[in-house]
Amino acid sequence: MNPSLKALENQYVLLTNNLPNLIAACKGDKTLKDTLMSSYVTSRRNYWDGINAIFHDDDPAVHALVTQMTADQISLDATIQNMGKIAKVLAAITKAVDVGSQLLAKASAAL
């Protein structure tokens, strides 16, 4: 698996594995839950769209996004594990998913 797709997969798996705890942390707040689910769906879509794409991992901009996404993944995992304020966690998730969307757009070409 190439680095771009692996980064998208890692993000999607991390969110999937932590989704029940993240939903519970929203404590019934519909706005927070909607924000979480929107980011989760985008992460899932990025991964599945990536499976059906051709990646150009030789592009320096793509390499930079993979590097950023890897760093964001480490930070996101730590933030989720030390979940305090759910709004902070959701901000980290949104940021990481946005980078994933940028990666997919930059690294892939539709078949």
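The preceding data block contains the structure.
Being a predicted model, the structure only gives us computed values, none of them experimental.

A. Broad picture of the overall build of the protein. Each helix and strand in the protein was counted, giving four helices and two strands. Along the protein, helices and strands appear, N-terminal first, in the series α-α-β-α-α-β. Expected size for 111 residues packed as a compact globule is a radius of gyration near 13 Å; at 14 Å, the protein falls within 12% of this value. Taking the principal axes of its C-alpha atoms as reference, the protein extends roughly 45 × 25 × 20 Å. For the protein, the proportion of its 111 residues judged to be buried stands at 40%. Carbon together with sulfur atoms contributes 57% to the accessible area of the protein, which is approximately 6100 Å² in total. Here the protein contributes 10 positively and 10 negatively charged side chains, and the mean placements of these two sets differ by 10 Å.

B. Examining the packing of helix 2 (residues 30–51) against helix 4 (residues 86–107) more closely. In contact at an axis separation of 9 Å, helix 2 and helix 4 are set at 25° when each is read in the N-to-C sense. With respect to helix 4, the element helix 2 is oriented roughly parallel. Crossing of helix 2 against helix 4: the hand is left-handed. From helix 2, L32, T35, L36, S39, T42, S43, N46, D49 and G50 reach across to helix 4, where they touch I86, L90, I93, T94, V97, G100, S101 and L104.

About the thresholds
All residue numbers refer to position in the chain's written sequence, counted from 1. Owing to the predicted nature of the model, reporting of local features is limited to residues with pLDDT of at least 70; listing and counting of side-chain atom pairs is limited to 80 or more, with chain, interface and lining totals taken over all residues. The side-chain values count all of the structure's non-hydrogen atoms but skip hydrogen atoms and water molecules. Numbering goes from the N terminus for both helices and strands, where a helix is a DSSP run of H or I of at least four residues and a strand is a run of E of at least two. Restricting the calculation to C-alpha atoms gives the radius of gyration, and the globule rule supplies 2.2 Å times the number of residues raised to the power 0.38. The rule is simple: take the accessible area with a 1.4 Å probe, protein chains only, and divide by the maximum for that residue type; under 20% is buried, over 50% is exposed, in between is partly exposed. Under the convention used here, a 1.4 Å probe and the Shrake-Rupley method define accessible areas, while residue burial counts only the protein chains that appear. Lys and Arg are tallied as positive, Asp and Glu as negative. Neither His nor the chain termini are counted. By convention, charge coordinates are those of NZ in Lys, CZ in Arg, CG in Asp, or CD in Glu. Orientation is described by lines fitted to C-alpha atoms, with helices fitted over the stretch in contact, and by angles between N-to-C directions that extend from 0 to 180 degrees. The labels follow the angle: roughly parallel below 35 degrees, roughly antiparallel above 145, roughly perpendicular from 65 to 115, and oblique for the rest. The hand of a helix crossing depends on one turn: near helix anticlockwise from the far one by less than a right angle means left-handed, and clockwise means right-handed. Contacts between residues were defined by any pair of non-hydrogen atoms, one from each residue, lying within 4.5 Å.

The values reported here are purely geometric and, on their own, carry no functional implication.
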